[in-house]
Amino acid sequence: TIQVMSSKRLIIALDFKNIAEMSYFISNLDPKKCIVKVGLQLFIAEGPKVLDFLSQRDFEIFLDLKLHDIPNTVKKSVEEISQYNVKLTTIHLQGGQDMIQAANEAKGSTKILGVSLLTSLDESDIRKLYNNDFKKQFNNLINIAMETNIDGIVCSSQELELIQDPSLIKVVPGIRNQNSSDDQKRVMTSKEAYSKGADFIVVGRPITQAKDIEESIKDYS
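The structure reproduced in this document is the subject of the present report. (Residues numbered from 1 in each chain as written. Predicted model: local features only at pLDDT ≥ 70, side-chain atom pairs only at ≥ 80, totals over all residues. Heavy atoms only, no water.)

1. Describing the sheet that holds strand β2 (residues 35-38)
Part 1 of the argument: Within the closed barrel, the eight strands sit side by side as β1-β2-β3-β4-β5-β6-β7-β8. Their pairing is parallel. Adjacent strand axes in the sheet meet at a mean angle of 25° when their direction is disregarded.
Part 2 of the argument: Two strands pair when backbone bridges link them, and β2 and strand β3 (residues 61-67) are joined in this way by three bridges, in the parallel orientation. Looking at β3, one finds that Lys37 is bridged to Phe62.
Part 3 of the argument: Seen against the sheet, helix α5 (residues 71-81) touches β3, β4 (86-92) and β5 (111-115) and runs at an angle of roughly 165° to β3. (Pairing = 2+ DSSP bridges. Helix = DSSP H or I, 4+ residues; strand = E, 2+ residues; numbered from the N terminus. Axes fitted to C-alpha atoms, helices over the stretch in contact; angles between N-to-C directions. Contact = heavy atoms within 4.5 Å.)

2. Looking at helix α6 (residues 97-106)
Side chains three or four residues apart in an α-helix point the same way, a direct result of the helix having 3.6 residues per turn.
Part 1 of the argument: By the burial criterion, the buried members of α6 are Met99, Ile100, Ala102, Ala103, Asn104 and Ala106.
Part 2 of the argument: On the buried face of α6, the contacting elements are β3, α5, β4, β5 and α8 (134-147). (Buried < 20%, exposed > 50% of the residue type's maximum accessible area, 1.4 Å probe, protein only.)

3. Section: the packing of aromatic side chains
Part 1 of the argument: A complete count under the given rule lists one aromatic pair for this structure.
Part 2 of the argument: Ring centres of Phe16 and Phe25 lie 5.3 Å apart, and the angle between their planes is 40°; on these two criteria the pair is classed as tilted. For the pair shown, Phe16 and Phe25 are each scored as buried.
Part 3 of the argument: The aromatic ring of Tyr194 is capped on one face by Arg9, whose charged end is 3.6 Å from the ring centroid.
Part 4 of the argument: The ring of Phe53 carries the charged tip of Arg57 above its face, separated from the ring centre by 3.6 Å. (Phe/Tyr/Trp six-rings, centres within 6.5 Å; stacked < 30°, edge-to-face > 60°. Lys NZ or Arg CZ within 6 Å of the ring centre and 35° of its normal.)

4. Description of the pairing of strand β8 (residues 200-203)
Part 1 of the argument: Side chains Phe200 and Val202 of β8 all project onto a buried face; the interleaved residues Ile201 and Val203 project onto the opposite face, where all are buried too.
Part 2 of the argument: Alignment of strand β7 (residues 169-172) against β8, held across two bridges, turns out to be parallel. In the strand pairing of β8, Val171 is matched with Phe200.

5. Overview of α5
Part 1 of the argument: Within the sequence span of α5, burial applies to Val74, Val78 and Ile81. Buried residues along α5 cover an arc of 55° about the axis, so they all sit on one side. In α5, those exposed residues whose orientation departs by more than 90 degrees from the buried face are Lys76 and Glu80. (Arc of directions from axis to C-beta.)

6. Some remarks on the pattern of salt bridges
One side chain can pair with another of opposite charge once the charged atoms of both are near each other.
Part 1 of the argument: On inspection of all chains with the given rule, the structure shows eight salt bridges.
Part 2 of the argument: One salt bridge connects Lys49 with Glu46, and the closest N-O pair in it is separated by 3.4 Å.
Part 3 of the argument: Connected via shared salt-bridge partners are Lys37, Asp64 and Lys66. (Salt bridge = Lys/Arg side-chain N within 4 Å of Asp/Glu carboxyl O.)

7. Focus on the side chain of Asp64
Part 1 of the argument: Secondary-structure assignment places Asp64 in strand β3.
Part 2 of the argument: In this structure the side chain of Asp64 is engaged in a polar contact, spanning 2.7 Å, whose partner is the side chain of Thr90.
Part 3 of the argument: Those residues within four positions of Asp64 in sequence are excluded, and the remaining contacts are Lys37, Val38, Gly39, Leu40 and Thr90. (Polar contact = N/O pair within 3.5 Å; in protein donor to acceptor, adjacent residues only side chain to side chain.)

Next comes the structure, spelled out in structure tokens:
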């Protein structure tokens, strides 16, 4: 199913304040070579018109809102999302089986990805939040995902090897080919992530803030 959906492996995070800021950047992108990710900031600023704007320019969209609410609310939200040209969207696995199932029922042709543990969290955060170790907590969430027939998982590159099910689409954020000092704690290069089984990687700042956008895209493709 992954091949059918897209031959593109690079997802570029459009971490911009508004359409005006974003439109200049996407004029440098080829929709045949990448998928674009719309996150919370841009979606709150512009609403669904950002999805129409990107669709009209032939971009496949990954809408990353990480839904986490009661099953009925998530179901209705996913129904709305599926009306747009959204190829991938995210929900939190921590919402539980009923919530995941509700999203599955409403998805149409949109693929549902479960967010496991945010890449900004590390072992000590997981201990404080769940009184559990990282690997056990991650495995708990993956087991829930597999029982609900979700389409895929968002996880950091370090957890790729813990996912045994080859049918799950694996989407990996926190990719850095150069050292950087930002808020991502669990990072890896694109080459390593692909070699460990990532189907798609998500890259934001290293491309959106690059001096040479075309070169940086080649670097991550």
